[in-house]
Amino acid sequence: MIVADGLVKVYNGVRALDGVSFRVEAGELFGLLGRNGAGKTTAIEILCGLRKPDVGTARVGGLDVVRDPRAVRAICGVVHQVPSLDRWLTVYENLDFYCRIYGIPRSERQVRIREALALADLTGAAGRMVTALSGGMRRRLEIARALLHRPRVLFLDEPTIGLDPAARREIWAFIADLRRREGVTVLFSTHYLGEAEFCDRVLILERGRVLASGSPAELKAAAGVRTQVPPAPVTLEEAYLHLTQRAVH
């Protein structure tokens, strides 16, 4: 569903991406893991057709992101790192506004909005102002809004940033249910190591380069097991720290 091949992006002489390549299969939950400034957001912006790579190619749903950016955006839903809800509109009004932006016919809007409200468990909050919602409710609304046009791929850039642990668990339960119900391919970025445990596969970025990739179990195996008796399984956090320290040295 997603193919990135040798992506390079330079900002003011600094390589935000330096030859990044990976593939995401249809229906996968794929994570981009890395510290702030590792290149995660740049990669997502390129894949969404919002930014052009300096070198390399990328395809989403078989579409070239440079040649057909509008077609790519038509099959993608995007939730950016910075919240983008209109705080002075109601939940319903936010969804209706985006239905119009997506060009959804008037005859279909009510159905799409009802579906989004049900998906986000916000039917009872349709008339509430966004300012009255909790952080977790707002994030669920943003994700549901990104699905109004029924995309095949959902990009989530740090979807739980700024949320407390309970709200983060709430969002991941929502995403798990979303995958079961909609079968959408999900690519998300995070620097929360625990969240990467939910992934089918993870790509670790470090200073714009691919440091390692694979399933959480494969990354743990690559980092080794702690030497103690009896041996305890390595955590993904330990694997990440081990792999990044190895790269530095």
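Residue positions within a chain follow its written sequence, with the count starting from 1. In keeping with the predicted nature of the model, local features appear solely for residues at pLDDT of at least 70, side-chain atom pairs appear and are counted solely at 80 or more, and the whole-chain, interface and lining totals rest on all residues. Working from all heavy atoms in the structure, the side-chain values ignore hydrogens and water.

Asks: Got a minute to help me understand the side chain of Asp 64 in this structure?
Replies: With respect to the helices, strands and loops of the structure, Asp 64 is situated in strand S5 (residues 63-64). Look at Asp 64: it is buried, it has no salt bridge, and the nearest opposite charge is Arg 59 at 4.0 Å. Residue contacts are defined here by distance: any two heavy atoms, one from each residue, within 4.5 Å place the two residues in contact. Contact partners of Asp 64, with chain neighbours within four places excluded, come to Ala 58, Arg 59, Pro 69 and Val 72. To qualify as a helix, a DSSP run of H or I must reach at least 4 residues; to qualify as a strand, a run of E must reach at least 2; elements of each kind are numbered from the N terminus. Only protein chains enter the accessibility calculation, which uses a 1.4 Å probe; a residue whose area is less than 20% of its type maximum is buried, one above 50% is exposed, and one in between is partly exposed. In this tally Asp and Glu are treated as negative and Lys and Arg as positive; neither His nor the chain ends contributes. Only one rule defines a salt bridge in this text: a Lys or Arg side-chain nitrogen within 4 Å of an Asp or Glu carboxyl oxygen.

Asks: Would you explain the confidence of the model for the protein in this entry?
Replies: Predicted coordinates in areas of low pLDDT are best not read in detail. Per-residue confidence for the protein gives a mean pLDDT of 89; residues scoring 70 or more make up 94%. By definition, pLDDT measures how confident the predictor is in each residue, and it falls between 0 and 100. Of the regions scoring below 50 in pLDDT, residues 225-231 engages in six contacts with residues more than four places distant in sequence or in other chains.

Asks: What is the right way to look at the packing of aromatic side chains in this model?
Replies: Two aromatic rings are characterised by how far apart their centres lie and by the angle between their planes. Side-chain rings of Phe, Tyr and Trp, where Trp is taken by its six-membered ring, are said to pair if the distance between their centres is within 6.5 Å; with planes under 30 degrees apart they count as stacked, over 60 as edge-to-face, and otherwise as tilted. Enumeration over the complete set of coordinates arrives at five aromatic pairs. In textbook terms, an aromatic cluster arises when at least three aromatic residues are bridged by ring pairs, as seen for Phe 97, Tyr 98 and Tyr 102. The ring of Tyr 98 carries Arg 145 above its face, with NZ or CZ at 4.0 Å from the centroid. The ring centre of Tyr 192 lies 4.4 Å from the NZ or CZ of Arg 168, which sits over that ring. Geometrically, a lysine NZ or arginine CZ counts as sitting over a ring once it is within 6 Å of the ring centre and also within 35 degrees of the ring normal.

Asks: Can you walk me through the nonpolar core in this structure?
Replies: Judged by nonpolar contacts, the single largest core of 50 residues is most densely connected at Leu 95, Leu 141, Ile 143, Leu 154, Leu 156 and Ile 204. Of the residues forming this core, the biggest block, six residues, is contributed by helix H6 (residues 165-182). Excluding anything up to four places from it in sequence, Ile 204 contacts Leu 33, Arg 209, Val 210, Leu 211, Ala 212, Leu 219, Tyr 240 and Leu 243. To qualify as a nonpolar core, a set must consist of buried Ala, Val, Leu, Ile, Met, Phe, Trp, Tyr and Cys residues joined through side-chain atoms within 4.5 Å. By size, the runner-up hydrophobic cluster in this structure holds 26 residues, among which are Ile 2, Leu 17, Val 24 and Cys 76.

Asks: Please explain the layout of surface pockets as it appears in this structure.
Replies: Residues are said to line a cavity or pocket when one of their atoms sits within 4 Å of a point; the points come from a 1 Å grid over protein atoms alone, cavities being sets where a 1.4 Å probe fits but cannot get out and pockets being open sets with protein on both sides within 12 Å along at least five of seven lines. Grid points are joined across faces, edges and corners, and a volume is the space filled by probe spheres set on the points. By volume, the largest pocket is sized at about 260 Å³. Lining the largest pocket are 15 residues, and of these Gly 77, Val 78, His 80, Tyr 98 and Tyr 102 lie nearest its centre. Among the secondary structure elements, those contributing two or more residues to the lining of the largest pocket are strand S6 (76-79), helix H3 (91-101) and helix H5 (135-146). Of the residues contributing to the lining of the largest pocket, the split by class is eight nonpolar, four polar and three charged. Here the second largest pocket is characterised by a volume of approximately 220 Å³. In terms of lining, the second largest pocket is formed by Arg 112, Glu 115, Ala 116, Leu 119, Ala 144, Leu 147, Leu 148, Arg 150, Pro 151, Arg 181, Glu 182 and Val 184. For the lining of the second largest pocket, the secondary-structure elements that each account for two or more residues are helix H4 (106-119) and H6. Sort the elements by how many residues they give to the lining of the second largest pocket and H4 lands first, with four residues. Tallied by class, the residues present in the lining of the second largest pocket amount to seven nonpolar, no polar and five charged. For this scheme, ten residues count as nonpolar: Ala, Val, Leu, Ile, Met, Phe, Trp, Tyr, Cys and Pro. Four count as charged, namely Asp, Glu, Lys and Arg, and the remainder, Gly too, count as polar.

Asks: What am I meant to see in the side chain of Asp 157 here?
Replies: Note on placement: Asp 157 falls in strand S7 (residues 153-157). Within the buried set, Asp 157 has no salt-bridge partner at all; the shortest N-O distance to an opposite charge, 6.5 Å, is to Lys 40. Here the side chain of Asp 157 touches Ser 189 through a polar contact of 2.6 Å, side chain to side chain. Not counting the four nearest positions on each side in its chain, Asp 157 is found in contact with Thr 41, Ile 44, Val 79, His 80, Gln 81, Arg 139 and Ser 189. Distance and chemistry together define a polar contact, namely a pair of N or O atoms within 3.5 Å, with one atom able to donate a hydrogen and the other to accept it when in protein, and with adjacent residues in sequence counting only for side-chain atoms on both sides.

Asks: I keep staring at the state of the cysteines and nothing clicks. Help me out?
Replies: Two cysteines joined by a covalent bond between their sulfur atoms form a disulfide. A pair of cysteine sulfur atoms is labelled a disulfide when the two atoms are within 2.5 Å. Under the criterion given, the structure shown has zero disulfides. Not part of a disulfide, Cys 76 finds its nearest cysteine sulfur in Cys 48, a span of 5.6 Å. Relative accessible area serves as the criterion here: at 5%, Cys 76 is assigned to the buried category. For the unlinked cysteine Cys 199, the closest cysteine sulfur is that of Cys 48, found at 17 Å.

Asks: What exactly am I supposed to notice about the pairing of strand S8 (residues 185-190) here?
Replies: Within a regular strand, the side chains alternate between the two sheet faces. In terms of burial, S8 is largely enclosed, as six of its six residues are buried. By the alternation rule, side chains of S8 split into Thr 185, Leu 187 and Ser 189 and Val 186, Phe 188 and Thr 190, which are all buried. Sheet topology note: the strand S3 (residues 29-33)/S8 ladder contains five bridges and is parallel. Paired with Leu 32 across the bridge in S8 is Ser 189. Being paired, for any two strands, means DSSP has found at least two bridges between them. As judged from the five bridges shared by S7 and S8, these two strands associate in the parallel manner. When the sheet's bridge partners are listed, Asp 157 is paired in S8 with Ser 189. When the strands point away from the viewer and the connection leading from the first strand across the helix to the second strand turns clockwise, the crossover is called right-handed. For the segment spanning S7, H6 and S8, crossover handedness is right-handed.

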